Amino acid sequence: MNYNDWDNVFPEVPQSFHEVVQHTLHERGLGRTGRRKTMKKRFPIVLAAAIAALCVTAAAAYVIQWNGKLAECFDADEQQQSQLASAGAVGSVDQTVTENGLTVTALQTLGDRNGVYLLLDVQAPEDVTLTDTNLFEEMSVDIEGVGDHISWSGGFMSNFDKTASPNGADNERYFELRLSNTEQEDWNGKTITLDFRNLQGDSGKLDMYTIVEGEWKLSWTLSYTDQMQTFDLNKAYTVNGHAVTVKTVELSPLSMMLTLGGDGLKTLIDDSDLDECGCLCTVALTMRDGTTIDEIGGAGGNESYTDTSYTYTSRFGKVLDAEQVTGLTLTFPWENVDNTLTAALR
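All values derive from a computational prediction rather than experimental measurement.

Engineer: In this structure, what is going on with the sheet that holds strand β16 (residues 325-331)? I would like to understand it.
Structural biologist: Consider a sheet: its strands pair through backbone hydrogen bonds, and that pairing is either parallel or antiparallel. Across the sheet, 4 strands lie side by side as β13-β12-β16-β17; this open sheet has antiparallel pairing. Every interior strand has two partners, whereas the edge strands, β13 (292-293) and β17 (340-344), have only one. As defined by bridge partners, strand β12 (residues 282-287) adjoins β16 across 6 bridges and the pair is classed as antiparallel. Within β16, the residue paired with Thr-286 across the bridge is Gly-327.

Shown next, in the form of structure tokens:
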């Protein structure tokens, strides 16, 4: 069943609103004796406008509250949570399906144009213990109109204590999914469907066996926001004698996209043998306070390339204050000397 908790949507009516209404009553002669003339026809309009203004304020005050585990996973402080929720990056799902004593609940999503993170909860029958070695025998992710080229990864949350279980119970555990929008398609407002089949356990060395049979399918409208800032740099650099152009850098609190070009790019790609290593360069971000963030790809990423263009996309494992990023350093590990370049963004 779908439902929304509206209990706390409308805040307590502020004293200022009472004062406005009282003042309106006084001015329109409804709080005193005397002649009212034609003003009594205007009063309902004035009062309705005041009430409408309060309702708009109340609706604006309603911001999606982050699931505590989602905030923990992305190390998001209260200010970051509020900013991303207000911007529409967080989507509340609350879709649940139960079969054969096992319940799968989609809790919340967090995403932008480059990908979406999904947090789910799986509760098995009481005699079943869930760990990060459990998996579903079959699983599919479908987004309306996208086709079969959705890139995703996920599984039961891994940890060394009880924090991966919402209530500390052995039979309940968080389940994570990371969707990578490699084709840069517009998923917003599209129906997403998750299909899980047959919960399995591992008897050792990936010898899987079925614990709970069944199919669990959930569907809802996907919602996220695009907060990418685009820096059109088009600046030329030299890496080990090879000309490289940093064309664009796109940055949001959740991800980054880097595009390179230049006459020397093909040589750098050939030197790196991307088909084997899967990486042309590493990226470090420089912050306004002088600190450096080296590991920015905690939530995964992808790259694509031709002889004349290279695109690197990284989805951050933690929420980033994008306004504090002043530059980035690229390191090309397959070049022996002069293998770094630093590009300023601001």
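Following the structure, the description resumes.
Engineer: Is there a simple way to think about helix α4 (residues 78-87) in this case?
Structural biologist: Quick reminder: α-helices carry 3.6 residues per turn. Residues three or four places apart thus point the same way. Taken together, the buried positions of α4 are occupied by Gln-80, Gln-81, Leu-84 and Ala-85. Looking straight down α4, one finds its buried side chains confined to an arc of 125°; they lie on one side. Turned more than 90 degrees away from the buried face of α4, the exposed residues are Glu-78, Gln-79 and Ser-86. Its side-chain oxygen 3.2 Å from the backbone nitrogen of Gln-79, Asp-77 forms the N-cap of α4. Positive phi appears at Gly-88, one or two residues downstream of α4, with a value of about 95°.

Engineer: Got a minute to help me understand the pattern of salt bridges in this structure?
Structural biologist: Charged atoms that come close allow side chains of opposite charge to pair. By the definition in use, this model includes 9 salt bridges. Measuring nitrogen to oxygen at the nearest pair gives 3.6 Å for the salt bridge that ties Arg-178 to Glu-176. Through salt bridges with shared partners, a single ionic network connects Asp-195, Arg-197, Glu-215 and Lys-217.

Engineer: Sorry if this is basic, but what is going on with unusual backbone geometry here?
Structural biologist: Most peptide bonds take the trans configuration, and most residues that are not glycine carry a negative phi. Of note in the backbone geometry, Lys-205 takes a positive phi value of approximately 55° without being a glycine. Along the chain, Lys-205 turns up in the loop between β7 (191-202) and β8 (208-221). The residue Asp-338 is not glycine, and still its phi comes out positive at about 45°. Structurally, Asp-338 can be placed in the loop between β16 and β17. Under the relative-accessibility criterion, Asp-338 is labelled partly exposed at 46%.

Engineer: Would you mind showing me how to read the side chain of Thr-313 here?
Structural biologist: In this structure, Thr-313 sits in strand β15 (residues 310-315). Not counting chain neighbours up to four residues away, the residues in contact with Thr-313 comprise Asn-114, Met-256, Met-257, Gly-300, Gly-301 and Asn-302.

Engineer: Just to check I follow, could you spell out the environment of Pro-125 for this structure?
Structural biologist: Along the chain, Pro-125 falls in the loop between β3 (115-123) and β4 (135-143). Considered as a pair, Pro-125 and Glu-172 are 47 residues apart in the sequence and their alpha carbons are 8.8 Å apart. Not counting the four nearest positions on each side in its chain, Pro-125 is found in contact with Asn-100, Gly-101, Leu-102, Asn-171 and Val-212.

Engineer: Before we go on, may I ask you to explain helix α5 (residues 265-272) in this structure?
Structural biologist: Taken residue by residue, α5 has Leu-265, Leu-268, Ile-269 and Ser-272 as its buried positions. Mapping the buried residues of α5 onto a view down its axis gives an arc of 100°, with all of them on the same face. For α5, the secondary structure elements touched by its buried residues are β9 (229-239), β10 (242-251), β11 (255-261), α6 (274-277), β14 (301-305) and β15. Where α5 ends, the next residue or the one after it, Asp-273, has phi of about 55°, a positive value.

Engineer: Please explain the environment of Val-283 as it appears in this structure.
Structural biologist: Along the chain, the position of Val-283 falls in strand β12. Residues Val-283 and Thr-342 lie 59 residues apart in sequence; the distance between their C-alpha atoms is 9.8 Å. Sequence-distant contacts of Val-283, that is, excluding residues within four places in its chain, are made with Met-256, Leu-258, Ile-293, Asp-294, Ile-296, Tyr-312, Leu-328, Thr-329 and Leu-330.

Engineer: Whenever I open this one, the sheet that holds β3 confuses me. Can you help?
Structural biologist: The sheet built from 5 strands is open, its strands ordered β1-β2-β3-β6-β5 with antiparallel pairing. The sheet is open, and its two edges are formed by β1 (90-99) and β5 (151-156), each paired on a single side. For this sheet, the mean inter-axis angle between neighbouring strands, taken without regard to orientation, is 15°. Both β5 and strand β6 (residues 172-180) contribute to a ladder of 6 bridges, which runs antiparallel. Within β6, the residue paired with Phe-156 across the bridge is Phe-175.

Thresholds applied
Residues numbered from 1 in each chain as written. Predicted model: local features only at pLDDT ≥ 70, side-chain atom pairs only at ≥ 80, totals over all residues. Heavy atoms only, no water. Pairing = 2+ DSSP bridges. Helix = DSSP H or I, 4+ residues; strand = E, 2+ residues; numbered from the N terminus. Buried < 20%, exposed > 50% of the residue type's maximum accessible area, 1.4 Å probe, protein only. Arc of directions from axis to C-beta. Polar contact = N/O pair within 3.5 Å; in protein donor to acceptor, adjacent residues only side chain to side chain. Salt bridge = Lys/Arg side-chain N within 4 Å of Asp/Glu carboxyl O. Contact = heavy atoms within 4.5 Å. Axes fitted to C-alpha atoms, helices over the stretch in contact; angles between N-to-C directions.

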